[in-house]
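As a plain string of letters, each chain reads:
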Amino acid sequence: MQKTSEIASSTPRVLVIVPAYNESETIRPVLEEVRRAAPGYDLLVVDDGSTDDTAKVVETVAGVILLRLPFNLGIGGCMQTGYKYALRHDYDIAVQCDADGQHPAEHLGALVARVVDGSADAVIGSRYVANSDYIPSLGRRLGKSLLSRWIDYWVGGGITDTTSGFRAFNRKAMALAAQDYPEDYPEPEMIVILHKHGLKAVEIPVSMRPRQGGTTSIFPHRAAYYMIKVFLAVFIDVFRRYK
Amino acid sequence: MSAAPLPTVFYTSHRVALLILSLLLMGVVLEMVRRSYLKEKYAILWLLASFSVLMCGVFPSIIIRFSAIFSFQYITLVFVVSFLFLLVLVLAFSISISKLSERTKQLAQEVALLNERLARVDSKPE
């Protein structure tokens, strides 16, 4: 297997980025879990202009870096802020981890390990590869499988869980994200953008939990509309001219 | 049924409407610039547009001539031209809004990054 870019130092500096928009109910246990599971990693919360007490709750957890956006940018602009931070503070690896408790911190090490060994620029935690015990609804499974095939048709890579927001980037992928991060449907679109720039994305199995509170940003009755828009967004990314 | 013959005269009522519209538009645009609600860049565009309408009101033969070229009733030509003008304008605005929102996003991100840094600098003992 071709090595992409091996991390030079023996102990890579890892930043866990948690994007948060009105997650005051769920964020503290998420942060504490990451702390316990990965005490060596730095922890950054990007508060996307929350209107609840998210920032206050984060400030009560010791040692967490908090970035507060002055107003809501949406998940794309929010995550990009985190990647910019990671890049500027010379982290070797940045891991995205949602604030709603869906992503068990025990898998952080596995995501990071695949980046450290240099076999991929981006590692995505997938619910759908073997060993995962997450069972989504039929409609959701169908939609996600179509989306995965759509992306695979255009850029290859065979990523099955294209909407997973549990992912680790090396510095190359981080630099790309800091410069050009999609705003509307960043998770699937970023897979396309990584491939268009010749970076390698792989996925590893992780277990995921149902969200522990708050509300999903994708409502069931809007799912069809979401699908049409995300298909179009991916299509545009395939043919976009990149700087 | 044969097409209605293309008119060669311009209704006075239409002419008056064009004149009033153009003068009104000009007045509003100039006042907006005076109160700095409107940037000169956009004001020039609107002044040019209202000047064209004014010219058409003063010399309706311009409209008559062009509508004859395209075999339009002249009133159709007026609407087609206005529609195309607005179409281009709205597209241009969409482009500038996209650019502005990208800049706003970058500014918001810088504010967040700088605030965090500032908080760290402030909390350090002298």
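As a reminder, the structure under discussion sits directly above these lines.
Residues numbered from 1 in each chain as written. Chains lettered and ligands numbered in written order. Predicted model: local features only at pLDDT ≥ 70, side-chain atom pairs only at ≥ 80, totals over all residues. Heavy atoms only, no water.

Draft legend 1. Region of the structure containing the overall build of chain A. Looking only at helices and strands, one finds 8 helices and 7 strands in chain A. For chain A, the residues scored as buried account for 54% of the 243 residues in total. If you take every contact in chain A between residues at least 6 apart in sequence, the share linking residues at least 24 apart comes to 78%. (Helix = DSSP H or I, 4+ residues; strand = E, 2+ residues; numbered from the N terminus. Buried < 20%, exposed > 50% of the residue type's maximum accessible area, 1.4 Å probe, protein only. Contact = heavy atoms within 4.5 Å.)

Draft legend 2. Layout of the interface of chain A and chain B. Contact with chain A, which involves 17 residues of that partner, is made by 12 residues of chain B. Both sides together, the interface formed by chain A and chain B hides about 1200 Å², and carbon and sulfur atoms give 58% of it. The largest share of the area that chain A buries against chain B comes from Lys84(A), Arg88(A) and Glu183(A), three residues that together contribute 29% of it. A salt bridge links Glu183(A) to Lys105(B), with the nearest nitrogen and oxygen atoms 3.3 Å apart. Along the contact surface separating chain A from chain B lie 8 residue pairs in polar contact (both at pLDDT 80 or more). For the side of chain A that touches chain B, the elements supplying multiple residues, two or more each, are strand 3 (65–68) and helix 3 (75–88) of chain A. Top element by residues in the side of chain A that touches chain B is helix 3 of chain A. It accounts for 6 residues. Here the residues of the side of chain A that touches chain B sort into 9 nonpolar, 4 polar and 4 charged. (Buried area = accessible area lost by both parts, 1.4 Å probe. Salt bridge = Lys/Arg side-chain N within 4 Å of Asp/Glu carboxyl O. Polar contact = N/O pair within 3.5 Å; in protein donor to acceptor, adjacent residues only side chain to side chain. Nonpolar A, V, L, I, M, F, W, Y, C, P; charged D, E, K, R; others polar.)

Draft legend 3. Broad picture of the sheet that holds strand 3 of chain A. All names here are of chain A. The 7 strands are arranged 3-2-1-4-6-5-7 in an open sheet whose pairing can be described as mixed. The open sheet has two edge strands, strand 3 and strand 7 (201–205), and neither has a second partner. Averaged over neighbouring strand pairs, the angle between their axes works out to 20 degrees when direction is ignored. Two elements, strand 5 (residues 122–126) and strand 6 (residues 167–169), share 3 bridges in a ladder whose sense is antiparallel. Opposite Val 123, over in strand 6, you have Ala 168 as the bridge partner. Packed onto the sheet, helix 4 (residues 108–116) meets strand 1 (14–20), strand 4 (93–96), strand 5, strand 6 and strand 7 and runs at close to 145 degrees relative to strand 4. Against the sheet, helix 6 (residues 171–179) contacts strand 4 and strand 6, and its axis sits at roughly 100 degrees relative to strand 6. (Pairing = 2+ DSSP bridges. Axes fitted to C-alpha atoms, helices over the stretch in contact; angles between N-to-C directions.)

Draft legend 4. Region of the structure containing the layout of surface pockets. Residues and elements named next belong to chain B. Empty space within the second largest pocket amounts to approximately 640 Å³. Residue lining of the second largest pocket: 22 residues in total, with Ala 49, Val 53, Val 78, Val 81 and Ser 82 positioned closest to the centre. Elements represented by at least two residues in the lining of the second largest pocket include exactly helix 1 (12–34), helix 2 (40–58), helix 3 (61–69) and helix 4 (74–123). In terms of residue count, helix 4 provides more of the lining of the second largest pocket than any other element does, 7 residues in total. Taken together, the residues of the lining of the second largest pocket break down into 19 nonpolar, 3 polar and no charged. (1 Å grid on protein atoms, 1.4 Å probe; cavity = no way out; pocket = protein on both sides within 12 Å on 5 of 7 lines; lining within 4 Å. Points joined across faces, edges and corners; volume = space filled by probe spheres on them.)

Draft legend 5. Spotlight on helix 4 of chain B. Taking 1.5 Å of rise per residue, the 50 residues of helix 4 of chain B would be expected to cover 74 Å, and the 73 Å separating its terminal C-alpha atoms lies within 8% of that figure. Along helix 4 of chain B, the residues that are buried comprise Tyr74(B), Leu77(B), Leu89(B), Lys105(B), Ala108(B), Gln109(B), Ala112(B), Leu113(B) and Glu116(B). Those residues of helix 4 of chain B hidden inside the fold are in contact with strand 3 and helix 3 of chain A together with helix 1, helix 2 and helix 3 of chain B. (Expected span 1.5 Å × (residues − 1).)

Draft legend 6. A nonpolar patch on the surface, seen in detail. Residue and element names in this part refer to chain B. Taken together, Val 58, Phe 59, Ile 62, Phe 66, Ile 69 and Phe 70 make up a surface patch of nonpolar side chains, about 570 Å² in accessible area. Within the secondary structure, Phe 59 sits in the loop between helix 2 and helix 3. For Phe 59, a relative accessible area of 45% corresponds to the partly exposed category. (Patch = residues over 30% accessible without salt bridge, like charges linked within 9 Å, V, L, I, M, F, W, Y side chains within 5 Å. Areas by Shrake-Rupley, 256 points an atom, 1.4 Å probe, with all protein chains shown as cover.)

As far as function goes, none of this settles anything; it's purely spatial.
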